[in-house]
Amino acid sequence: MFKYVLILCVITGFINAQSDDWKTKFELSNYKETNNYKETIEYFKKIEKNTEFAKLLPLAVTPQGRELYYFVVNKDKEFDLNIIKQSDKSVILIQNGIHAGEIEGKDACMLLLRDILITKGKENLLDNVIIIVIPVINADGHERIGKYNRINQDGPLYMGWRTTAQNLNLNRDYLKADSPEIKAFIKLFNDVNPDIFIDTHTTDGLDMQPVITFSAEGQGTVPPVISKWINDIYNPFMNKYVTEKGFIIAPFANLNDNADPSKGMNGWVSSPKLSSGYVAVRNRVGVLIETHCLKPYNERVFSTLSFLEANLVLANKNNKEIKQNSKIADEQVISKYGLKKELFPVGFKLTKDSVAYTWKGIKAELKESIVAGTKILKYTGEKYEKQIQYFPELTANKFAKVPKYYVIPQEWQNVIEVLKLHGLSFERVKNDTLILAEQCKFKNVKFSELPYEGRIQPSFEYDIEQKNVSIRGGDYIFYTKQPLVGILIYLLEPNTNDSFVKWGFFNSIFEYKEYFEVYSMEPIAQKMYDENSQLREEFNNKINSDEKFKNSVEARLNFFYEKSEYYDKKFNIYPVLKVY
């Protein structure tokens, strides 16, 4: 153990002779503890006071009243985000503590920034790179400190909680943006538009040898220029660099069977409600780090440090290409979906293409458990290697047809404000007018019994109709010819898993607001029955085939009510229109 720590200190450039004044709680506690939030921010403020290359700036205020910050590091001494956005240097945004019990990214950033700005052993990493660090984005969760917050995790001794003070999982909030923390993140992203984003986590699950796993979004809706760079340059570089630093690294992927790795391993496409998936539909490099929860905290911190350092090394080396890729990525998306109107993929499945992969596992045995009442997988600690099949690639199996633009009635400010927050451009309808548009009508609507992230979610089917629809002056038009068209489609298309409809933003359209009395509806129904032979035949067929319907006065009269002029024309009608 001590030998391994000593090796880690050497390979990460740790200076044993440095003053305790600059050591973090992680170091002073023999790698067992982490700074609380106040101590963390004080450390960043201390760095700021001792360098001209960095500035700590306010980001937001949490529900419990804590100030969130972001830390800008720029050798040019320029900290205005509007100017940084136009810089010819690569901009890397690092986010820590979204799940605040998974906090090694914060400690790794403190060590890395100290080595760059204070001891200056790595100051050259700023030559072609601007770094922006969010020390902890879930500060309220960070301060819900306890020894027992993560049952599967080896350290730190005291750690924060997964969710916020409002019990929201921030890493499900990137599209719907309910929380003040993610609202602030999106604004920061818009203001700087970084080239590479890295989100630091700790993964649960099976035991294995790798200390660190990662996933850089390289497929799905990712623009071709980004996909190629990630697969040809980024992934090989990260694997080589971190391995050379002494850590076992692996792709963040799923085994088909944790008890039997020989059944193969699968890749994935991240949902845009998650951080790296969100950045991918913004046409940038989105990276997820997942260190392994069962590895000692010091190994997790130092492996994260090596990974972050690798990104800075690569970005310095490939700066011009990275900046060019960001520009081309936006152009490719506008051309493909905004101009050519190709089908936009919103669902994916694994292909049958596989590659051989050396799985570095920990042996396990199935042992009988009295308390569980069955056999439970128990890890022996013995290491092994095995060749398995890795299925890294996915292909689209669900699509959305891209319109020229969407129309959102102005009364739906709750969704319009979220789209504005994401940075989507729009126009306002000047005058009341009639347009030919596609409209959805929902049917077979059901609601979840329990909330998910505080929201009651509907499931449904729907029919589509082309019709002339009146829109009003002041309504909103969102054109698809813009770089962030992916966000627009994921939020506005009902058939995506992360649409406004699926998240419950439009639940009120599924409610009846007007009803009939039996005495008032019966004569109207009788008149419709007598005068409309087709309707009469349909009614009689239903009487003969549906006993429940036959015996219900309300159901029989409602049959006619739904087909009468009195019926609510907006019930179950999606208010968002598509125009081609």
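This one's a predicted model, so the numbers in the text were calculated from it and none came from an experiment. (Residues numbered from 1 in each chain as written. Predicted model: local features only at pLDDT ≥ 70, side-chain atom pairs only at ≥ 80, totals over all residues. Heavy atoms only, no water.)

Draft legend 1. Geometry of the sheet that holds strand 5 (residues 196–203). One open sheet holds the 8 strands; their spatial order is 1-2-4-3-5-10-6-7, and the pairing between them is mixed. Only two strands of the sheet have a single neighbouring strand rather than two, namely strand 1 (54–61) and strand 7 (249–251). Adjacent strand axes in the sheet meet at a mean angle of 25 degrees when their direction is disregarded. Relative to strand 5, strand 3 (residues 90–95) is paired through 4 bridges, and the arrangement is parallel. What sits directly across from I94, in strand 5, is I198. Helix 3 (residues 37–49) contacts strand 1, strand 2 (67–73) and strand 4 (129–134) of the sheet and is inclined by roughly 30 degrees relative to strand 2. (Pairing = 2+ DSSP bridges. Helix = DSSP H or I, 4+ residues; strand = E, 2+ residues; numbered from the N terminus. Axes fitted to C-alpha atoms, helices over the stretch in contact; angles between N-to-C directions. Contact = heavy atoms within 4.5 Å.)

Draft legend 2. Local environment of unusual backbone geometry. A cis amide bond, omega 0 degrees, links G155 with the succeeding residue P156. Among the secondary structure elements, P156 is positioned in the loop between helix 6 (139–142) and helix 7 (180–192). With phi around 55 degrees, A177 is a residue other than glycine that occupies positive phi space. With respect to the secondary-structure elements, A177 resides in the loop between helix 6 and helix 7.

Draft legend 3. Local environment of the pattern of salt bridges. A full pass over the atoms with the stated rule returns 36 salt bridges. The salt bridge partner of K367 is E365, with a shortest N-O separation of 3.7 Å. Judged by relative accessible area, which is 43%, K367 ranks as partly exposed. Looking at E365, the relative accessible area reads 39%, which means it is partly exposed. The network of salt bridges with shared partners includes E27, R114, D115, K122, K245 and E309. (Salt bridge = Lys/Arg side-chain N within 4 Å of Asp/Glu carboxyl O. Buried < 20%, exposed > 50% of the residue type's maximum accessible area, 1.4 Å probe, protein only.)

Draft legend 4. Local environment of the sheet that holds strand 8 (residues 254–255). Spatially, the 4 strands line up as an open sheet ordered 8-9-13-12, and their pairing is mixed. Two strands in the sheet have a free side with no partner beyond their single neighbour: strand 8 and strand 12 (355–369). Pairing of strand 12 with strand 13 (residues 374–391) involves 14 bridges; the strand directions are antiparallel. When the sheet's bridge partners are listed, K360 is paired in strand 13 with E385.

Draft legend 5. Structural detail: the pairing of strand 4. In terms of residue burial, strand 4 counts as a mostly covered element, since 6 of its 6 residues are buried. Pairing geometry for strand 2 and strand 4, over 3 bridges, is antiparallel. Directly across from V73, in strand 4, lies its bridge partner I131. Pairing analysis gives 6 bridges linking strand 3 to strand 4, with the strands arranged parallel. Its bridge partner being in strand 4, L93 is matched across the sheet by I132. In this region the chain leaves strand 3, passes through helix 5 (residues 104–117) and returns to the parallel neighbour strand 4; the handedness of that crossover is right-handed. (Right-handed = clockwise from strand over helix to strand, strands pointing away.)

Draft legend 6. Representation of helix 12 (residues 413–421) in the model. Those residues of helix 12 not exposed but buried are V415, I416, V418 and L419. The buried side chains of helix 12 occupy one side of the element, clustering within an arc of 160 degrees when seen end-on. Of the surrounding elements, those touching the buried residues of helix 12 are strand 15 (405–408), strand 19 (476–479) and helix 13 (485–492). Phi turns positive one or two residues past the end of helix 12, at G423, with a value near 95 degrees. (Arc of directions from axis to C-beta.)

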